[in-house]
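The residues making up each chain are set out below.
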Amino acid sequence: MPTTDLDRALFDSAEEVLENMFFTGIAAGGPPCPGIVGPWISARLSFRGNPSGTFGVSVPLETGRKIAASFLGMDADAVTEPQTGEVICELANMLCGSVLSRVEKEVRFDLSHPELETPGGGCAVEHTAGRQFVLEDAQLVVWLDLGLAP
Amino acid sequence: MAYNVLIVDDSPAMRSFVRRVLDLSGLAIGRCLEAGNGLEALDRLREEWVDVVLTDLNMPAMDGESLVRRMGADDCLRSIPLLVVSTDRTEGRVRQMLELGARGYVTKPFLPETLREEIERVLGAADANH
């Protein structure tokens, strides 16, 4: 699977998922993680099929709260940390499904339940493919690794 | 007439989103029940009649495919229209679920109006059959 196809799929999927279900547009896209400051929230899941691998999403905690508020139709100040986590897990689930369906249309994948990670954990290592997106006022990092999860 | 809906998804966030789409849809929604997996859904269906079931596929305890099979094998539940709402958009999977008895298949991410239109289509077809 060419990395350029994965990068394209990451971008198209993020654009579609964020606009359709989180009512947030992408202002710009670039390579992942040039420099991350402040508290982050990350979710990761594994997928099994052909190929297998892992997928992750990281956002600044405050951005995660705004994304959750938009998804749940709530005021950002009223969104709790567990709710933010649930929404970021759901975002990871939808993005992963969308990316995989773009690169392998006829292959069925089994996706694990997304799990929250230590803040910032999704951005410290090299990945098979990764993109950073600039949203209205913050960043969103999406990455994918091919190969079985440890 | 208000329609009772059962939303089946292991993600509380997604259940809230679907509930919000229904609230904003203009559809006459009566009771909006929720279940976290297929087993819970069957329990709810034994307690209360609903007009349509919206179910995810990938869930713990009992997944959406098993729920479709169980409802299809049950004389009391077979007639309740079921819509699959899933991230899995492979053609083979969609075809399989429709063959098993699902009345429609909406892939995530979806536009809110897409879900509303699909529910309207399924409920309209159900009304026409009564």
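### Details of the overall build of chain B
Next up, step 1: In terms of helices and strands, chain B carries 5 helices and 5 strands.
Next up, step 2: Its helices and strands in sequence order give chain B the pattern β-α-β-α-β-α-β-α-β-α, from N to C terminus.
Next up, step 3: For chain B, the C-alpha radius of gyration of 13 Å lies close to 14 Å, the compact-globule estimate for 130 residues.
Next up, step 4: The buried share of chain B, reckoned over its 130 residues, is 41%.
Next up, step 5: Look at the contacts in chain B between residues 6 or more apart in sequence, and 61% of them connect residues 24 or more apart.

### Concerning helix H2 (residues 61–72) of chain A
All names here are of chain A.
Next up, step 1: Under the 1.5 Å per step criterion, the end-to-end length of H2 is 16 Å for 12 residues, consistent within 8% with the ideal 16 Å.
Next up, step 2: Every buried residue of H2 is listed here: Thr63, Gly64, Arg65, Lys66, Ile67, Ala68, Phe71 and Leu72.
Next up, step 3: At the exit of H2 stands Gly73, carrying a positive phi of roughly 70 degrees.

### Considerations on the nonpolar core
Next up, step 1: Grouped together as the largest cluster of nonpolar side chains are 70 residues, with contacts concentrated most on A:Ala92 and A:Leu95.
Next up, step 2: Here this core takes 10 residues from helix H3 (residues 81–103) of chain A, the largest share from any one element.

### Comments concerning the confidence of the model for chain B
Low pLDDT marks stretches whose predicted atomic positions should not be read closely.
Residues and elements named next belong to chain B.
Next up, step 1: Mean pLDDT for chain B: 91, with 95% of residues reaching 70 or above.
Next up, step 2: The least confident element of chain B is helix H5 (residues 112–129), whose mean pLDDT is 81; the most confident is strand S3 (residues 52–55), at 97.
Next up, step 3: In the predicted complex, the global pTM is 0.86; the interface-specific ipTM is 0.83.

### Some details on the interface of chain A and chain B
Next up, step 1: Facing the 21 residues of chain A at the interface are 19 residues of chain B.
Next up, step 2: Elements represented by at least two residues in the side of chain A that touches chain B include exactly helix H1 (3–21), H2 and H3 of chain A.
Next up, step 3: Broken down by element, the residue count for the side of chain A that touches chain B peaks at 9 residues, all from H3(A).
Next up, step 4: Looking at side-chain class alone, the side of chain A that touches chain B contains 8 nonpolar, 7 polar and 6 charged residues.

### Structural notes on the pairing of strand S1 (residues 3–8) of chain B
All names here are of chain B.
Next up, step 1: Here 5 bridges tie S1 to strand S2 (residues 29–35), and the two strands are oriented parallel to one another. Across the sheet, residue Val5 finds its bridge partner in S2, namely Cys32.
Next up, step 2: For the handedness criterion, the β-α-β arrangement of S1, helix H1 (residues 12–24) and S2 is classed as right-handed.

### Observations concerning the sheet that holds S1(B)
Residues and elements named next belong to chain B.
Next up, step 1: In space, the 5 strands of this open sheet follow the order S2-S1-S3-S4-S5, with parallel pairing throughout. In the strand order of this sheet, the two ends are held by S2 and strand S5 (104–107), each with one partner. On average, adjacent strands in this sheet sit at an angle of 20 degrees to one another, irrespective of strand direction.
Next up, step 2: Across the sheet, helix H2 (residues 38–47) lies against S1, S2 and S3, angled at about 160 degrees from S1, the strand it touches most.

Rules used in this analysis
Here the residue numbering is sequential within each chain, running from 1 through the sequence in written order. Chain A is the first chain written and ligand 1 is the first ligand written, with later ones labelled in order. Per-residue local features are limited, in this predicted model, to residues with pLDDT of at least 70; the limit for side-chain atom pairs, both in listing and counting, is 80 or more; totals at the level of whole chains, interfaces and linings are taken over all residues. The helix and strand labels rest on DSSP assignments: H or I over at least four residues marks a helix, E over at least two residues marks a strand, and numbering proceeds from the N terminus. This radius of gyration counts C-alpha atoms alone. The globule rule is 2.2 Å times how many residues there are, raised to the power 0.38. Put simply, a residue is buried when 20 or more other C-beta atoms lie within 10 Å of its own C-beta and exposed when 12 or fewer do; between those, it is partly exposed, and each C-beta is set from the backbone. For the purpose of contact definition, each residue receives a C-beta atom placed from its backbone, and two residues are in contact when these atoms lie within 7 Å. Expected span of a helix: the number of residues minus one, times 1.5 Å. By definition, a nonpolar core groups buried Ala, Val, Leu, Ile, Met, Phe, Trp, Tyr and Cys residues that are joined through C-beta atoms within 7 Å. For every residue, the predictor states its confidence as a pLDDT score lying anywhere from 0 to 100. Each residue is assigned to one class: nonpolar for Ala, Val, Leu, Ile, Met, Phe, Trp, Tyr, Cys and Pro, charged for Asp, Glu, Lys and Arg, and polar for all the others, Gly among them. Being paired, for any two strands, means DSSP has found at least two bridges between them. Call a crossover right-handed when, viewed with both strands pointing away from you, the route from the first strand across the helix to the second goes clockwise. Structural elements are reduced to axes, namely lines fitted to C-alpha atoms, with helices fitted over the stretch in contact, and the angle between N-to-C directions of any two is expressed from 0 to 180 degrees.

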